[in-house]
2 protein chains.
Amino acid sequence: MSDTLFESVDIARLSTEAADFETRLDALLAWEGVSDANVQARVEEIISAVKARGDAALIEFSNRFDRLTAASMSELTLDAGRLEQAFRGLSEEQRDALAQAAERIRLYHERQKPTSWSYTEADGSVLGQQVTPLDRAGIYVPGGKAAYPSSVLMNAIPAHVAGVREIVMVVPTPDGVLNELVLAAAHLAGVDRVFTIGGAQAIAAMAYGTASVPRVDKIVGPGNIYVATAKRAVFGQVGIDMIAGPSEILVVSDGGTDPEWLAMDLFSQAEHDEDAQALLVSWDESHLAEVEAAIARLLPTLERHEIVRQSLARRGALILCRDRDEAVTLINRIAPEHLELSMADPEALLPQVRHAGAIFMGRYTAEALGDYCAGPNHVLPTSGTARFSSPLGVYDFQKRSSIIHCSESGASTLGRVASVLARGESLTAHARSAEYRIKD
Amino acid sequence: MSDTLFESVDIARLSTEAADFETRLDALLAWEGVSDANVQARVEEIISAVKARGDAALIEFSNRFDRLTAASMSELTLDAGRLEQAFRGLSEEQRDALAQAAERIRLYHERQKPTSWSYTEADGSVLGQQVTPLDRAGIYVPGGKAAYPSSVLMNAIPAHVAGVREIVMVVPTPDGVLNELVLAAAHLAGVDRVFTIGGAQAIAAMAYGTASVPRVDKIVGPGNIYVATAKRAVFGQVGIDMIAGPSEILVVSDGGTDPEWLAMDLFSQAEHDEDAQALLVSWDESHLAEVEAAIARLLPTLERHEIVRQSLARRGALILCRDRDEAVTLINRIAPEHLELSMADPEALLPQVRHAGAIFMGRYTAEALGDYCAGPNHVLPTSGTARFSSPLGVYDFQKRSSIIHCSESGASTLGRVASVLARGESLTAHARSAEYRIKD
């Protein structure tokens, strides 16, 4: 690709044929959300303080970090009435859009609900699995510029569908600023209580409980490095979702999609923040050049053009590959959070896609549709973690218990096997416990 | 309960009616597997060394910590042939018992396999969820006295059933001692390769890969504090299972089970190690006294009586409660790893059990049967984490991708909703990307 015409666009151009391709791709993908020792130490201090002093520590930290003047936790608590009030206060257009999105998200997640099952063996023994919801979930919502009502829907609705008894939300309010859309979304999504606290102190409060903030069973939702470090620290005390890295998209185009559509799809990823990653793969070299031209043309028209320019320069790339097969190899190598298959026959490719958070199929399925209202969750595994993890879902708010009910005869048969194996492990009380159930 | 007759048994006797019950129960249940700063620092050093120097570091650490004299990784590698040889070398009784257990575990886990699904909306848009296995799983197996072949089956078989392409196992061999039963179990369970390495260095090798040890997508299996700390550190780079605490059982008895059976069931938990926890709850006071007498009588006959004595004294308890309802409250409060419902009608209680790793129903279902061969997994959430997590299962070795395929008309409808919400979040490139797909 020539870059003389569009020298204003600073975005990497890679070709799988280049000798240094692997190295350059590795460098582009590299991301490690490391918390340095300083962050670690501060987070540990905050957690200890909240464990030791509860609400008092929460109030102190909130006043200090968010520049508030709260004297009691009641000033940092919003009830269901306040959330409903926020919803009523929206414009009709916003209220309708939010309600439509919430309903579609609910419908999709209903399909994820598993059922308990069991089966009976010939000797009358019963084996099974019982599925139950968490008692209480905690949702972290970032404050300030990254406060997204859509994220509230995406985090809380699966919990609600799962049957979680109580959904608690925390959202910091720097300088006391409340986001009405966020509160309205909490109302729609079935959030029971909101605390206007944030940071590591909010994570600690939900993990250990204070007089005002109830201990939850699992904490989900994105946050800054302090929040991420705190989540990692309390993992085990409570469940947590994945620790998210910057958002990314991999668009694969067969050359038939309008280059301006693709440029905007890439921008919609890049506008999140300077670390966001937008990658386009195609085996059509002239198409890549057209998208590059569209990027150059449209970039100046964006509200967030400074952020987009930086993220494209730092982490974006236009990647020329040989053919569709090589595109599939790249997909599975990258394991993208968002995968857009902008092509005539995405179904043909789908069975070969082993690792991706969400797959947007065909030319009409812009990622933005999935981000807001298609139905599937927009909380997705980032930084290649789609290799081993899944979108946030109903399954994150449920757990399973194994059921074993041996009949007298079943216990006798199994007792013999267990006895041999237990003695092989020198666990003789195990063996004797099983042997009591053997019939002579 | 009088304790004059059985003064030789040192085990707590609690009653829910006592004023200090909650405090004493809290103290009994308290467990935090903290790694101190020293362990943390050593683990980080080991991880850095393995990342930087790969195999060379692995060999050094293995020689140092396991007192070996390996000169190359080939001396720390076992191939499939060596595993099969171990299996062939077992006694027929052991081979049969292991094979029966493996087959039952496989059959149970087959039932856990989810299916991909999708549905088509009125406007032709398709939404769905595609389930795929991990490419590669890594299984940690402790060496030395805690090397359990049953754990190999329980960790590897779900991965195999899930369709994982390659299963790698690591097991340290202190002083060069190999456990043939462990290798035989690996053969049966479908393990592809074994490395005789352990500790934080083995976790680092599987998380980042070396020239010899392939990078895996998820690491499962129990280990000591160094292993647990290393797993926590690499979480995010790879998936991990829960970080396990000491094993525990809560037995609820209606008074109708032979006291000696119950004593042995408690012993089978307590014999694991000094931190293991065995609790018995009943509303029948004289029955509790009988179990206590059986404990006193049988304890001296145990091979591992010293360990059992210590764990009963430190963490065991006989708990008198008022009635069945209060027993249910205790179950859900404790969220036990193992729950034994030793009663006439456990089914009546089951729907009220919200939190438990595995539930052993009726008088015949000793936990030991589930530990080895009933079928369900014995890797279970400990220390109350059954509140939010599940037994190890096929689902731990698979992940889901969301599928969204909007029709032209579907994209137009959703585009309008997405546009309103995106503009509400000031993400205007998102909005414009959606708006391109709106038909006029």
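Everything quoted here is computed from the prediction, not taken from an experiment. (Residues numbered from 1 in each chain as written. Chains lettered and ligands numbered in written order. Predicted model: local features only at pLDDT ≥ 70, side-chain atom pairs only at ≥ 80, totals over all residues. Heavy atoms only, no water.)

Enquirer: Honestly, the pairing of strand 4 (residues 126–133) of chain B in this entry has me stumped. Any pointers?
Expert: Within a regular beta strand, the side chains point alternately toward one face of the sheet and then the other, so they alternate between its two faces. Residue and element names in this part refer to chain B. With six of its eight residues buried, strand 4 lies for the most part within the structure. Between the end of strand 3 (residues 117–120) and the start of strand 4, which pair antiparallel, lie five residues, with glycine 124 showing a positive phi angle near 95°. Where strand 4 meets strand 15 (residues 398–405), eight bridges bridge the pair, whose relative direction is antiparallel. Counterpart to valine 126 in the pairing with strand 15 is histidine 405. (Buried < 20%, exposed > 50% of the residue type's maximum accessible area, 1.4 Å probe, protein only. Helix = DSSP H or I, 4+ residues; strand = E, 2+ residues; numbered from the N terminus. Pairing = 2+ DSSP bridges.)

Enquirer: Before we go on, may I ask you to explain the interface of chain A and chain B in this structure?
Expert: Accessible area lost during the coming together of the parts is what is often quoted as the interface size. Listed per partner, the contact involves 121 residues of chain A and 121 residues of chain B. Overall, the association of chain A and chain B removes approximately 11,000 Å² of surface from exposure, summing both partners, and the carbon and sulfur fraction of that is 56%. In terms of surface lost to chain B, no three residues of chain A exceed Tyr372, Arg387 and Arg437 of chain A, which account for 7% of the buried area on that side. Inspection of the chain A/chain B interface yields ten salt bridges. Here arginine 437 of chain A makes a salt bridge to aspartate 265 of chain B, at a shortest N to O gap of 2.8 Å. Taken together, the links from chain A to chain B amount to 73 residue pairs in polar contact (both at pLDDT 80 or more). Looking at the side of chain A that touches chain B element by element, the count peaks at ten residues for helix 16 (residues 408–424) of chain A. Residue composition of the side of chain A that touches chain B, grouped by class: 60 nonpolar, 32 polar and 29 charged. Taken together, the three bridges between strand 14 (residues 358–361) of chain A and strand 15 of chain B define a ladder with parallel strand orientation. Note that in strand 15 of chain B the partner of alanine 358 of chain A across the bridge is serine 402 of chain B. (Contact = heavy atoms within 4.5 Å. Buried area = accessible area lost by both parts, 1.4 Å probe. Salt bridge = Lys/Arg side-chain N within 4 Å of Asp/Glu carboxyl O. Polar contact = N/O pair within 3.5 Å; in protein donor to acceptor, adjacent residues only side chain to side chain. Nonpolar A, V, L, I, M, F, W, Y, C, P; charged D, E, K, R; others polar.)

Enquirer: Please clarify how the UniProt feature "active site" (unreviewed entry) in chain A should be interpreted in this entry.
Expert: Residues and elements named next belong to chain A. With numbering aligned to this structure, UniProt lists the feature "active site" (unreviewed entry) at Glu337 and His338. For glutamate 337, the position within the fold is in the loop between helix 13 (324–334) and strand 13 (338–342). The exposure class assigned to glutamate 337 is buried, which follows from its relative accessible area of 5%. Those residues in contact with glutamate 337, other than ones at most four positions away along the chain, are Pro246, Ser247, Glu248, Ala356, Gly357, Ala358, His378, Leu380, Pro381 and Thr382. Polar contacts involving the side chain of glutamate 337 include one to the main-chain amide nitrogen of glutamate 248, which spans 2.8 Å. Looking at the secondary structure, you find histidine 338 in strand 13. Since its relative accessible area comes to 2%, histidine 338 is described here as buried. (UniProt positions renumbered as here; feature names shortened; annotations may be inferred.)

Enquirer: What's the story with helix 8 (residues 199–208) of chain A in this structure? I'm lost.
Expert: Each full turn of the α-helix corresponds to 3.6 residues, which orients residues three or four apart in the same direction. Residues and elements named next belong to chain A. Buried residues dominate helix 8, accounting for nine of its ten residues. Every buried residue of helix 8 is accounted for by Gly199, Ala200, Gln201, Ala202, Ile203, Ala204, Ala205, Met206 and Ala207. Buried residues in helix 8 make contact with helix 2 (37–53), helix 3 (55–66), strand 5 (136–140), strand 6 (166–170), strand 8 (218–220) and helix 9 (225–234). Of the residues trailing helix 8, glycine 209 is marked for its positive phi of about 80°.

Enquirer: How do you make sense of unusual backbone geometry when you look at a structure like this?
Expert: Across residues other than glycine, the phi torsion is negative in most instances, and most of the peptide bonds are trans. With phi around 60°, aspartate 175 of chain A is a residue other than glycine that occupies positive phi space. Among the secondary structure elements, aspartate 175 of chain A is positioned in the loop between strand 6 and helix 7 (180–189).

Enquirer: For this particular structure, what's the right way to read the relation of the copies chain A and chain B?
Expert: Both copies of the chain are related by a screw-like operation: a rotation about an axis and a shift along it. For the pair chain A and chain B, the relating rotation is 180°, the translation along its axis is 0.0 Å, and the fit reaches an RMSD of 0.0 Å. Taken together, the turn and the small shift mark the pair as related by a two-fold rotation axis. Judged by C-alpha distance, arginine 232 of chain A is the residue of chain A that lies nearest the rotation axis, at 3.9 Å. (Least-squares fit on C-alpha atoms with pLDDT ≥ 70 in both.)

Enquirer: Quick question: what am I supposed to make of the environment of phenylalanine 267 of chain A here?
Expert: By secondary structure assignment, the location of phenylalanine 267 of chain A is in helix 10 (residues 259–270). Separated by 25 residues in sequence, phenylalanine 267 of chain A and methionine 242 of chain A place their C-alpha atoms 25 Å apart. For phenylalanine 267 of chain A, the residues in contact, after removing those within four places along its chain, are Ile295, Leu298, Leu299, Leu302, Val308 and Leu312 of chain A together with Ala429 of chain B.

Enquirer: Would you mind going over the UniProt feature "binding site: NAD(+)" (unreviewed entry) in chain A with me for this structure?
Expert: All names here are of chain A. The positions that UniProt labels "binding site: NAD(+)" (unreviewed entry) are, in the present scheme, Tyr140, Gln201 and Asn224. Taking the farthest pair of C-alpha atoms as the criterion, the annotated set spanning 85 residues converges on one region, since that pair is 12.6 Å apart. Along the chain, tyrosine 140 turns up in strand 5. If we ignore the near neighbours within four places in the chain, the residues touching tyrosine 140 are Val170, Pro172, Gly198, Gly199, Ala202, Ile203, Val220, Gly221, Pro222, Gly223 and Val227. In this structure the side chain of tyrosine 140 is engaged in a polar contact, spanning 2.7 Å, whose partner is the backbone nitrogen of glycine 199. Mapped onto the fold, asparagine 224 is located in the loop between strand 8 and helix 9. In terms of polar contacts, asparagine 224 uses its side chain to reach the backbone amide nitrogen of tyrosine 226, at 3.0 Å.

Enquirer: Which parts of the structure should I look at to understand the packing of aromatic side chains?
Expert: Counted by the stated rule, this structure contains eleven aromatic pairs over all chains. Geometrically, the ring pair formed by tryptophan 117 of chain A and tyrosine 119 of chain A is stacked, given 6.2 Å between the ring centres and 20° between the ring planes. Look at tyrosine 119 of chain A and you get buried, because its relative accessible area is 11%. Consider the rings of tryptophan 261 of chain B and tyrosine 364 of chain B, whose centres lie 5.7 Å apart with planes at 70°: the pair is edge-to-face. One end of the pair, tryptophan 261 of chain B, is in helix 9 (residues 259–270); the other, tyrosine 364 of chain B, is in the loop between strand 14 (358–361) and helix 14 (367–372), with 103 residues separating them in the sequence. In this structure tryptophan 261 of chain B comes out as buried when scored by relative accessible area, which is 15%. Through pairs of rings, three or more aromatic residues link up here, namely Tyr108 of chain A together with Trp117 and Tyr119 of chain B. Directly above the ring of tyrosine 119 of chain B sits arginine 111 of chain A, whose terminal nitrogen or CZ lies 3.7 Å from the centroid. (Phe/Tyr/Trp six-rings, centres within 6.5 Å; stacked < 30°, edge-to-face > 60°. Lys NZ or Arg CZ within 6 Å of the ring centre and 35° of its normal.)

Enquirer: I keep staring at the domain arrangement of chain A and nothing clicks. Help me out?
Expert: All names here are of chain A. Structurally, chain A comprises domain 1 (3–30 + 246–387), domain 2 (37–86 + 132–240) and domain 3 (406–435). Between domain 1 and domain 2, the C-alpha centre-to-centre distance is 33 Å. With eight residues of domain 1 in contact, the opposing surface of domain 2 contributes six residues. A per-residue breakdown of the area domain 1 buries against domain 2 is headed by Tyr372, Asn377 and His378, which together make up 61% of the total. On inspection of domain 1 and its partner domain 2, the count reaches zero salt bridges. At the junction of domain 1 and domain 2, the tally comes to two residue pairs in polar contact (both at pLDDT 80 or more). Tallied by class, the residues present in the side of domain 1 that touches domain 2 amount to three nonpolar, four polar and one charged. (Domains from an automatic or database assignment.)

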